[in-house]
Each structure stands twice: as structure tokens, then as C-alpha cells.
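Commentary on secondary and tertiary structure
Listed below are the residues making up each chain.
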Amino acid sequence: MKIKSADLWFKKAAAILALSAAALVILLVCSMAYYALPAIRKFGLHFLHTSTWDPVKEIFGALPFIYGTVISSALALLMALPVSLGIAVYLAELAPCCLREPLSFLIELLAAIPSVVYGLWGIFFLAPFLRETVQPFLFRYFGFLPLFQGEFYGVGMLSAAIILSIMIIPTISSISREVFLTVPSAQREAALALGATRWETIRLAVLGYARSGVLGAVILGLGRALGETMAVTMVIGNRPEISGSLFAPAYTMASVIANEFSEATTDLYLSALIEIGFILFFVTLIINIAARALIWRVSAKIKAK
Amino acid sequence: MEAEIKVSNLYAYFGSICALRGINISIKEKVVTAVIGPSGCGKSTFIRCINRLHEVVPEAKLSGEVLLGGKDIYSADADPILIRRKIGMVFQRPNPFPALSIYDNVAAGLKLNGIKRKNDLDGIVERSLKMSALWGEVKDKLNASGVSLSGGQQQRLCIARALAVAPEVILFDEPCSALDPISTGKIEELLFQLKKNYTIIIVTHNMQQAARVSDYTAFFLLGELVEFDKTQDIFTKPKDNRTEDYITGRFG
């Protein structure tokens, strides 16, 4: 009898712990909604699509921050994905055995560097380099595109996206590598036996088999990029404007909260910042749900039809 | 009949372990040759030497000569990729590409060969699936995933995939070991059809299967070829005591 009751208690305790995680999320959402209420009442949906951010006149619109977060993360992903896949394919399939472990370790080390260090590197190395070398080059040869026009500040959307991409490369590449390593050798041999070259084998057997796992890696990387605060704040230029140019300074949701929270003196100002936090939460939630759905569709397609 | 595959003095290694010790064998064209023997006797290694798949295993080495139609596939100017296109292989467990549809699985090898025209592909895919006796079951769902099929169907899909690239030789590495008896029967039926056009080598654990499907049988033990003869002779009057012990079930 004693054993049975212990089992029951264990089950209850585990259930409570599991539910408390869900409860915590609900509490978080509710309390944020409560504190954001003044701003929600005052601006309503205008908050989402106006670009004015004027603490003096107390007019707040979050569009530039939403734009900054989404675009910087999307650009980062665009740059990081091919590089990460290249790294993962090399480490899992092509590298000589003696190089695999040390290289994987070095790449994972990139993930362990604190983001403030990335930020410093961005300010002292990346931004000047972009300002003096990369941006003039892009302007000279691709200046006809609105993407590459405007002043060369160094700091701005481009440097933020580059820093973010460097920060998510270790995540995407190390998870993709793990996924590639789980591809059964029977898959590779099936391709080889058909007369596939090395590259064809990787494309046919490895990338095809691993694609839902790679998608998962991409989502984790994207999640990291969306929420990244410190490094981005240091290099994005912190100007709440929407510009078509990658050279122009921008602002993200996480950065504005970090920068202005301590100086938000009025209730409405504070409330507007909390509402931005609330939106950030929802943007990440929506992207995660969309990605989950995508993974689910891909793997369901693989499993049965 | 001319010997299609002539193996002389073949030694194969995994690191320092010797898996095959001096194999000499001549395999005839358009017959089914079964390779039998207990686990670890080197029979899978042997057929993997014939399509140069042995060498893709890290630390694997080999020496000796394997002639295919008179040409040494291990000579310096032989390209393993072209050789593998001439020698199809069907594996122990069905291994269709999960990301590809039934159609694309069969067409995979053709696309590698640069055949891209829809009409050509359609014709070859249909013919290959008919030859592997799968067409009737899948003709209405060619766009479904290859792994949505049952195990036996998947194995026939893999056979169709191997047939599509028009090989001269097809290697079967215990193709029925993961299948139920009905699927096994279908695959064996298929082997009878295929040997009209292809040289077939089948590794099998199952001696009844070897007796049913093959014309010639090779018995391997501890990395050596103990005996090679007409299947009938191997099973009725083996010359070597070890062969007799094995086929009568005294070990293995």
C-alpha cells in the first residue's frame, strides 16, 4: 500500500510541475497585457502600424521596431543558412576524421561567446570595415538598387544582420551536423550504388533525408535572432525609422526595450514599451507555430501519405 | 557461356581485419548465383567488392582483380561511379529515399545519368515498375512518398530503382531478410524473370531460398570460398565436408 501511495504522490508532483510551466506562460501573458493596457487603450491597433515614436509628445507606434526585428532576423537567416549548411555538410560528410572534432568544437565555441562581446567586435571592427570597404564597394557596383543607397554609417541594418548571422551559424550548423550524422548509411549507399557522385549522394540521400531536422535547426536559429538584444543594440544604430536601404540605421523591439526602459518616466511610455515586449512575444510565437506546422507537414509527408 | 564476372585473388580488409582471403570465382552471365554462408563469413563484403562499395567504408582496403566483361574494375583508369551505374544493388533493408515520391525514387538514378526529358523518364519509370511487379499496385499513386509503401513494396521499389538505370549485373544483399513470406515469394518470383536479362548475384541466409532461386551457389566460410558449383550439386552432393555440415545444419 505504501508503495502505491508513493507512486500516486510522484505522479501528482510531476503533473503539478509540468502544469506550472504552462501556468507561468499564462501568468506572463496576463501580467504583460495588464501593464500594457494603458498603451493598448490609447493607441489601439494604430500602435502596430504607425511609425512615430515620440516620448515627449507621448505618441507611440511600434512599426519601425517590428520591421527592424523581422527584417534583421530574416536577413541574418538568409546569410547564415547557406554557410551553416556548408559547414554541416563538410563536418558530417567530407572533412578528414582528424579535423571533424576540433572544427565542430570551434564552431560550437562561437555559440558560447557572450553577445556583448559580439557587440563590441561589431562596433570596433565590423562597423568600420563595412563603412570603409564593404559599403562603398556595394554602392559602386550595386548602387542602382535602393538596398545599397544612402550614407555609409557602418552601424545599421546590414551590420546587425551580419552580427546576427554569425551568432546563429553555430546553432544551425551544429544541429544540422547532428541531423546529418543520423542519416543511415544505407541511404548513402543506395545513392552510391546508383552511381551517384559524392555531391549527388549528399543531395539525394543526406539533404533529402535530413530536411525536416534542418528546418528545426533553422527555427532555433531564427528564434535566437529574433530575441537577440545586446549585440544588435550595439550595432544597429538605434533609429526608429523604416528605410529601404540596408545601410540605414534601424531599431529592433528588443533593443528599444533595453535602451529606453530605464528612462521611461511616464506610465504611458512604460506601458508602450511593455506592449512592444508583448508584440515581440507574439511574433516569436507565431513564427514558432508556423515553423512547427511546416516541420509537421514535411515529416508527415515523409511518414505516410 | 562466357564468364561475366571473374574475380581473382581478392583480399578485402576492414582495418587490420581480413574479411576475404584470396577469392577466385567466375560468375556466369544471365544466371542467378547465390552466395551462402554463416554470418560474418564475408559474403556481403564479397558482393560489395563487385560494385566498389566496399571501399567507401572508412579503413576498408582490398587487393586482387575483379573483371567485369574482361575489364578490371579496380584498374587505375576505372571510374567507380561509372562501374556502379553498370552494377545495380538491392540492400538488406528496403531503403527508398524518404523525401522522394515513388516516381522520383525510380527516376533518381536516371536523373543522375542526365536523363531529364519527361517522356523518356515516364517510359522508363513505368517499364521498371512493371519489371519489378509493382506497377499495378502504385500506378495511381506515383506521387505518394516512397516510404508510404509496405516493406515488401518498398523492396520492389528499390529493385525498380536499380533496374531503371539499365545495369548489366544486379547484386542482392539478403533482399528478403526484412520481409514476410508473401513478399519474399514475390521477390523470388521476380528473380526468375530478371535472370533472362541480367546477371544476378544474391547473398542469402536462407538455404531454401538459395536452392529455390539460384543456378549456381557459392559457399563462403571465414572469408574463404569453400565451394562453388551448380546449386543442385552443392545441395545434393557437396564435395567439401564443411559445405555438407553447413547445408545439413550442423553449424552456422
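Conventions we followed
- Residues numbered from 1 in each chain as written.
- Chains lettered and ligands numbered in written order.
- Predicted model: local features only at pLDDT ≥ 70, side-chain atom pairs only at ≥ 80, totals over all residues.
- Heavy atoms only, no water.
- Helix = DSSP H or I, 4+ residues; strand = E, 2+ residues; numbered from the N terminus.
- Contact = heavy atoms within 4.5 Å.
- Phe/Tyr/Trp six-rings, centres within 6.5 Å; stacked < 30°, edge-to-face > 60°.
- Buried < 20%, exposed > 50% of the residue type's maximum accessible area, 1.4 Å probe, protein only.
- UniProt positions renumbered as here; feature names shortened; annotations may be inferred.
- 1 Å grid on protein atoms, 1.4 Å probe; cavity = no way out; pocket = protein on both sides within 12 Å on 5 of 7 lines; lining within 4 Å.
- Points joined across faces, edges and corners; volume = space filled by probe spheres on them.
- Nonpolar A, V, L, I, M, F, W, Y, C, P; charged D, E, K, R; others polar.
- Pairing = 2+ DSSP bridges.
- Buried area = accessible area lost by both parts, 1.4 Å probe.
- Salt bridge = Lys/Arg side-chain N within 4 Å of Asp/Glu carboxyl O.
- Axes fitted to C-alpha atoms, helices over the stretch in contact; angles between N-to-C directions.
- Parallel < 35°, antiparallel > 145°, perpendicular 65-115°, else oblique.
- Left-handed = near helix turned anticlockwise from the far one by under 90°.

Turning our attention to the side chain of Arg156(B). With respect to the helices and strands, Arg156(B) occurs in helix α6 (residues 151-164). Ignoring anything within four residues of it in the chain, the contact list for Arg156(B) reads Ser132(B), Ala133(B), Leu134(B), Glu137(B), Lys186(B), Ile187(B) and Leu190(B).

Let us look at the packing of aromatic side chains. In the structure shown here, the tally under the stated rule is 20 aromatic pairs over all chains. Taking 6.1 Å as the distance between ring centres and 45 degrees as the angle between the ring planes, the aromatic pair formed by Phe148(A) and Phe247(A) counts as tilted. Of this pair, Phe148(A) sits in the loop between α5 (115-142) and α6 (157-181) while Phe247(A) is found in the loop between α9 (230-235) and α10 (253-260), placing the two residues 99 residues apart along the sequence. What makes Phe247(A) buried here is its relative accessible area of 0%. Look at Tyr216(B) and Phe228(B): their rings are 6.0 Å apart centre to centre, the planes differ by 40 degrees, and that puts the pair in the tilted class.

Here we come to helix α1 (residues 43-50) of chain B. All names here are of chain B. Across the 8 residues of α1, 7 count as buried, placing the element largely inside the fold. Within α1, the full set of buried residues consists of Lys43, Thr45, Phe46, Ile47, Arg48, Cys49 and Ile50. Following α1 by one or two positions, Arg52 has its phi on the positive side, about 60 degrees.

Turning our eyes to something else, we now look at the UniProt feature "domain: ABC transporter" (unreviewed entry) in chain B. Within the UniProt annotation, "domain: ABC transporter" (unreviewed entry) is assigned to residues 5-247 of chain B. For residues 5-247 of chain B, the helix share is 38%, the strand share is 27%, and the end-to-end C-alpha distance is 26 Å.

Attention shifts here to the side chain of Arg85(B). Along the chain, Arg85(B) falls in helix α2 (residues 80-86). Residue Arg85(B) is classed as buried on the basis of its relative accessible area of 16%. Contact partners of Arg85(B), with chain neighbours within four places excluded, come to Leu194(A), Gly195(A), Glu200(A), Leu112(B), Asn113(B), Val165(B) and Pro167(B).

Moving on, we come to the UniProt feature "transmembrane region" (unreviewed entry) in chain A. When the UniProt feature table is mapped to this numbering, "transmembrane region" (unreviewed entry) covers residues 62-91, 103-130, 150-169, 204-226 and 268-295 of chain A. End C-alpha atoms of residues 62-91 of chain A are separated by 42 Å, and the span's content is 97% helix alongside 0% strand.

Moving on: the layout of surface pockets. Its boundaries defined by the atoms lining it, the largest pocket holds a volume of some 650 Å³. Of all the secondary-structure elements, those providing two or more residues to the lining of the largest pocket are α3 (63-94), α4 (97-112), α7 (185-193) and α8 (198-227) of chain A together with α2 of chain B. Here the element with the most residues in the lining of the largest pocket is α7(A); it accounts for 4 residues. Considered class by class, the residues forming the lining of the largest pocket number 11 nonpolar, 3 polar and 7 charged.

All names here are of chain B. Residues Ile87 and Met89 of strand β6 (residues 87-90) are buried on one face, and the alternating residues Gly88 and Val90, pointing to the opposite face, are buried as well. Judged from the 4 bridges that link them, β6 and strand β7 (residues 169-173) form a sheet pairing that is parallel. In the sheet register, Val90 faces β7, and the bridge partner there is Phe172.

Quick look at the interface of chain A and chain B now. Contacts between the two partners involve 23 residues from chain A, matched on the other side by 26 residues from chain B. Contact between chain A and chain B buries roughly 2,000 Å² in total, counting both sides, with carbon and sulfur atoms accounting for 66%. In terms of surface lost to chain B, no three residues of chain A exceed Glu189(A), Ala193(A) and Leu194(A), which account for 30% of the buried area on that side. Inspection of the chain A/chain B interface yields 2 salt bridges. Linking Arg85(B) and Glu200(A) is a salt bridge whose minimum nitrogen-to-oxygen distance equals 3.8 Å.

Turning our attention to the packing of α6(A) against α8(A). Residue and element names in this part refer to chain A. Remark: α6 packs on α8, axes separated minimally by 8 Å, with the N-to-C direction vectors making an angle of 150 degrees. By the angle class used here, α6 and α8 are roughly antiparallel. In the packing of α6 onto α8, the handedness of the crossing is right-handed. Of the residues in α8, those in contact with Leu164, Met167, Ile168, Thr171, Ile172, Ile175, Ser176, Val179 and Phe180 of α6 are Val206, Leu207, Ala210, Gly213, Val214, Ala217, Val218, Leu220, Gly221, Arg224 and Ala225.

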